[in-house]
Amino acid sequence: MSYQNMSFMRPLIGALALTGFAISGCGNGGNVSGISNGFDRAIKALSGPLGQSVPLWPKGIKGTYGPNCKLHKNENWSLLFGAPATVPPSVEMALNDSIAGCPLFLKSITVQEGTSMPYKDYPLATPFTLSRAYPPAAVTVNLPAPATGLAFYTNARLTGLDAPPTPGQTDTYYQDFIINTIWSDDKSLCELNAPPATYATVKATAVGSAVAPPNYGINWDSLSIKVDANKIVQSSSSGSVILQLPAVTPQPGEEWKLFSDVPDCCGMNSFAEIDAYYRTGNPLTTEAISGSGNITIPWDKFALLGVNLSTKKNRYIIIKHVGPGNVVSYELMQIVFTGPQP
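None of the values given here were measured: they were computed from a predicted structure. Every chain is numbered on its own, with residues counted from 1 as its sequence reads. In view of the model being predicted, local features appear only for residues whose pLDDT reaches at least 70, and side-chain atom pairs are presented and counted only at 80 or more, with totals across whole chains, interfaces and linings using the full set of residues. The side-chain numbers reported here are obtained from all heavy atoms of the structure, hydrogens and water having been left aside.

Draft legend 1. Summary view of the sheet that holds strand β17 (residues 328-337). Only when DSSP finds a minimum of two bridges between them are two strands counted as paired. Only runs of H or I of at least four residues qualify as helices and only runs of E of at least two qualify as strands under DSSP, and these elements are numbered from the N terminus. Reading across the sheet, the five strands line up as β10-β17-β16-β13-β14 and stay open at both edges, with antiparallel pairing between neighbours. The outermost strands of the open sheet, each flanked by one partner alone, are β10 (197-205) and β14 (285-288). In this sheet, adjacent strand axes meet at a mean angle of 15 degrees when their direction is disregarded. In the packing of helix α1 (residues 271-280) onto the sheet, contacts are made with β10, β13 (255-259), β16 (313-322) and β17, and the angle to β17 comes to roughly 80 degrees. Axes, fitted as lines to C-alpha atoms, cover a helix only where it is in contact. Angles between the N-to-C directions of the axes lie from 0 to 180 degrees. Every residue pair with non-hydrogen atoms within 4.5 Å of one another is taken to be in contact.

Quick look at the structure:
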């Protein structure tokens, strides 16, 4: 796995639409409310237990109030992602209660399995206390009983409480707030210092063929994608994505194509699917490859200028190799631009 280095003009968080939720200084009758937003940072779609292809859709979070809260101490709480505070359930705290003294503990992720109802609670392997900062390490989300094992990774933090009106309110619930929850199949994308982009590859060779597919890797150390406070990619971005062959047993290609995710082009793994799309899809860019040197793709080739990175954006590079007897093989690179940490 390789990662992109991005820089951001203002690494402020993005949130989903908060219809019906307004930040207020007094809350509801002397209390304040918390809601939650969910952010998908997965490279591949989440799926169910090993051997199953059921998609998983995180829908909310659950936990408990701390033992010293002025309201609801030791009680359970639950939130659905994107639900406004006017639509129960929501978290209710006493105005100016202490964050440290009245912590919220996150214990599980509410998940829909495919189209099945009702939702299921996927337990965190290590429940944790919510604060203004993401914990340094992401937490494993386990499959619910009777299944066992890893489902995906998650992390969460409080936001909307970052600029208190007085120093004395630094550690308090002084207004309505949001719990931002992120999840991914890649643990690093949920970490405190998460890379803002990553990629995965698929190698595709025709059945029965011995032709080796291309085997490039990505280097983007010089790439700098800049966004404004609204997470819109700016023209001051610079650098390139560089495709590099390994020193041992390199297999170059002869042509590459770059595709956008509109429509979603590349949710595919088989040779037939990749071959058909390579031949019939509408690429952003197509270029021939000469020799086995590096392939340099400037940042503006990825059609990111003016794009909102509040939610992840995918781009796909497909590299074609033609071997003896005109037998074709491919390497597909799915690049996920995840944007600044929400």
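The rest of the description comes next.
Draft legend 2. Quick peek at the side chain of Ser260. Mapped onto the elements, Ser260 comes out in the loop between β13 and α1. Accessibility here uses a 1.4 Å probe with only protein chains present; expressed as a share of the type maximum, an area under 20% marks a residue as buried, one over 50% as exposed, and anything in between as partly exposed. Given the relative accessible area of 16%, Ser260 is considered buried. Whenever a nitrogen or oxygen atom comes within 3.5 Å of another N or O atom, the pair is scored as a polar contact, on the condition that within protein one atom can donate a hydrogen and the other can accept it, and that pairs from neighbouring residues in sequence are kept only if both atoms are in side chains. For Ser260, the side chain forms a polar contact with the side chain of Asp261, separated by 3.5 Å.

Draft legend 3. Expanded view of the packing of aromatic side chains. The aromatic pairing rule takes the rings of Phe, Tyr and Trp, using the six-membered ring of Trp, and pairs them if the centres are within 6.5 Å, calling planes under 30 degrees apart stacked, those over 60 edge-to-face and the rest tilted. Scanning all chains against the criterion turns up eight aromatic pairs. Here Tyr278 and Tyr330 contribute two aromatic rings whose centre-to-centre distance is 5.2 Å and whose plane-to-plane angle is 50 degrees, an arrangement assigned as tilted. With Tyr278 in helix α1 and Tyr330 in strand β17, this residue pair connects regions lying 52 residues apart in the sequence. Judged on exposure class, the residue Tyr278 and its partner Tyr330 are both buried. These aromatic residues form a ring-pair network of at least three members: Phe271, Tyr278 and Tyr330. Note on criteria: charge over ring means Lys NZ or Arg CZ within 6 Å of the ring centre, with the direction from the centre no more than 35 degrees off the ring normal. For Lys257, the ring lying beneath its charged end belongs to Tyr278, and the centroid distance is 4.4 Å.

Draft legend 4. Local environment of α1. Among the residues making up α1, those that are buried are Ile274, Asp275, Tyr277 and Tyr278. Considered in projection along α1, the buried side chains sweep an arc of 170 degrees and stay on one side of the axis. Residues of α1 that are exposed and point more than 90 degrees away from the buried face comprise Ala272, Arg279 and Thr280. Lining the buried residues of α1 we find β10, β13, β16 and β17. This arc is taken over the directions from the axis of the helix to the C-beta atoms.

Draft legend 5. Fine view of unusual backbone geometry. Cis geometry is found at the peptide bond from Met117 to Pro118, where omega equals 0 degrees. Topologically, Pro118 is positioned in the loop between β5 (104-113) and β6 (120-129). Following Ala145, the chain continues to Pro146 via a peptide bond in cis, the omega torsion being 10 degrees. Tracing the backbone through its elements, the reader meets Pro146 in the loop between β7 (139-142) and β8 (150-159). The backbone of Asn96 shows a phi angle near 70 degrees, a positive value even though the residue is not glycine. Inspection of the secondary structure puts Asn96 in the loop between β4 (91-94) and β5. Backbone geometry places Ala303, a non-glycine residue, at a positive phi of 55 degrees.

Draft legend 6. Structural context of the pairing of β17. Counting buried residues along β17, ten of its ten residues qualify, which places the element largely inside the surrounding structure. By the alternation rule, side chains of β17 split into Val328, Tyr330, Leu332, Gln334 and Val336 and Ser329, Glu331, Met333, Ile335 and Phe337, which are all buried. Looking at chain direction, β10 and β17 are connected through nine bridges and run antiparallel. Looking at the pairing, Ala200 lines up with Gln334 of β17. Direction of pairing for β16 relative to β17: antiparallel, over a ladder of ten bridges. Note that in β17 the partner of Lys313 across the bridge is Phe337. Counting the residues in the hairpin turn of β16 and β17 gives five residues, including Gly325, whose phi is positive at 70 degrees.

Draft legend 7. Representation of the nonpolar core. Among buried residues, those of type Ala, Val, Leu, Ile, Met, Phe, Trp, Tyr and Cys that are joined through side-chain atoms within 4.5 Å constitute a nonpolar core. Grouped together as the largest cluster of nonpolar side chains are 35 residues, with contacts concentrated most on Trp77, Met93, Leu104, Phe152, Tyr173, Phe177 and Ile179. In this view, Trp77 contacts Ile61, Lys62, Gly63, Thr64, Tyr65, Val91, Leu104, Phe105, Leu106, Leu130 and Ile179; residues no more than four positions away in its chain are not counted. Counting residues in each nonpolar core, the second largest holds 27 residues, with Ile218, Leu245, Leu258 and Ile319 among its members.

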